[in-house]
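The lines below spell out each chain.
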Amino acid sequence: MNENKKRTPARFNFNLLDVVIILLALFCIVGVWQRKNLQNLFRSGNAYDAYTVTFTANGVRGDTAALLTEQADVWTFDEKGTKIDFGSLNGNVTTEPAKARVLNDAGESVTVTYPADARDLRDVAGTLSCRIVEKNGRYLLDGKYQLAVNQTVTVHTETADLVICITGISKSA
């Protein structure tokens, strides 16, 4: 009575319901990944884009400038007690001895460079990667806070607080 039955391998039947379930799962994953962008899109009709913001900071202490390294923590801006993500640092900042404009004995304006051993003040320049909404020619950080060239902004990191001057805003490639 011991018969050898041939077993056929189980086949996977792929049907339309499987395709719908897979597509639904992919849309859910993309939705979670892009949720902030989608929220802004539905709320204001705009989507965030990647922008590069160039900045300068004058008269920064040398040890503070040394803390501004590539991939520093996210920069934030305090406005009325709320923190807004500003962006992240692109590469290391460039520094040079701080310069000041003073009047000489003849009343002429001259540029003076602080000696390295005096107060060790540095002028800093760098770039930030930001997610900005452009609306009617205005650049809105987090969809609310307007940024403009020649604007001064107080920014904070875990290691430094700076007053920066925005020197340029351009869309990242």
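Quick caveat, the model's predicted, so the values are computed rather than measured.

**Student:** It is not clear to me how the overall build of the protein chain should be interpreted in this structure. Could you clarify?
**Tutor:** A tally of helices and strands in the protein chain yields three helices and 10 strands. Shown N-terminal to C-terminal, the secondary structure of the protein chain runs as helices and strands in the order α-α-β-α-β-β-β-β-β-β-β-β-β. Buried positions account for 28% of the 173 residues belonging to the protein chain. On the protein chain, roughly 12,300 Å² of surface is accessible, and the fraction owed to carbon and sulfur atoms is 54%.

**Student:** Sorry if this is basic, but what is going on with the side chain of His156 here?
**Tutor:** Topologically, His156 is positioned in strand 9 (residues 152–156). One polar contact links His156 to Asp161, side chain to side chain, over a distance of 3.0 Å.

**Student:** Is there a simple way to think about the pairing of strand 7 (residues 138–141) in this case?
**Tutor:** The side chains of a regular strand alternate between the sheet's two faces. Sheet analysis places strand 6 (residues 121–135) next to strand 7, joined by four bridges and oriented antiparallel. Note that in strand 7 the partner of Ile132 across the bridge is Leu141. In textbook terms, the turn of a hairpin is the stretch between consecutive antiparallel strands, and for strand 6 and strand 7 this stretch comprises two residues, one of which, Asn136, has a positive phi near 55°. Summarising the sheet, strand 7 and strand 8 (residues 145–147) pair through three bridges and their orientation is antiparallel. Looking at strand 8, one finds that Leu141 is bridged to Tyr145. Connecting strand 7 to the antiparallel partner strand 8 that follows it, the hairpin turn spans three residues, and Asp142 within it adopts a positive phi of roughly 60°.

**Student:** What should I look at first to understand the pattern of salt bridges in this one?
**Tutor:** A pair can form between side chains of opposite charge whenever their charged atoms are brought close. Throughout the structure, instances matching the rule amount to two salt bridges. With its nearest N and O atoms 2.5 Å apart, the salt bridge here joins Arg61 to Asp63. Owing to a relative accessible area of 42%, Asp63 belongs among the partly exposed residues under this scheme.

**Student:** I'm lost on a nonpolar patch on the surface in this one. Help?
**Tutor:** Taken together, the side chains of Phe14, Leu16, Leu17, Val19, Val20, Ile21, Ile22, Leu23, Leu26, Phe27 and Ile29 present a nonpolar region at the surface, about 1,100 Å² in accessible area. Locating Leu23 in the fold gives a position in helix 1 (residues 16–33).

Quick notes on the rules
Every chain's residues receive numbers from 1 upward, in the order its sequence appears when written. A pLDDT threshold of at least 70 governs which residues receive local features in this predicted model, and a stricter bar of 80 or more applies before side-chain atom pairs are shown or counted, although totals over entire chains, interfaces and linings include all residues. Remark: hydrogens and water are excluded; side-chain values derive from all non-hydrogen atoms of the structure. The helix count covers DSSP runs of H or I at least four residues long, the strand count covers runs of E at least two residues long, and both are numbered beginning at the N terminus. Only protein chains enter the accessibility calculation, which uses a 1.4 Å probe; a residue is then buried when its area is under 20% of its type maximum, exposed when over 50%, and partly exposed in between. Areas reported as accessible are Shrake-Rupley estimates using a 1.4 Å probe. Residue values count occlusion only from the protein chains shown. Polar contact is defined as a pair of N or O atoms within 3.5 Å, subject to the rule that within protein one atom must be able to donate a hydrogen and the other to accept it, and that residues adjacent in sequence are counted only when both atoms are side-chain atoms. Each pair of strands is called paired provided DSSP finds at least two bridges between the two strands. In the sections that follow, a salt bridge refers to a side-chain nitrogen of Lys or Arg positioned within 4 Å of a carboxyl oxygen of Asp or Glu. The patch calculation keeps residues exceeding 30% relative accessible area without a salt bridge and links them within 9 Å when they carry like charges or within 5 Å when they are nonpolar (Val, Leu, Ile, Met, Phe, Trp, Tyr).

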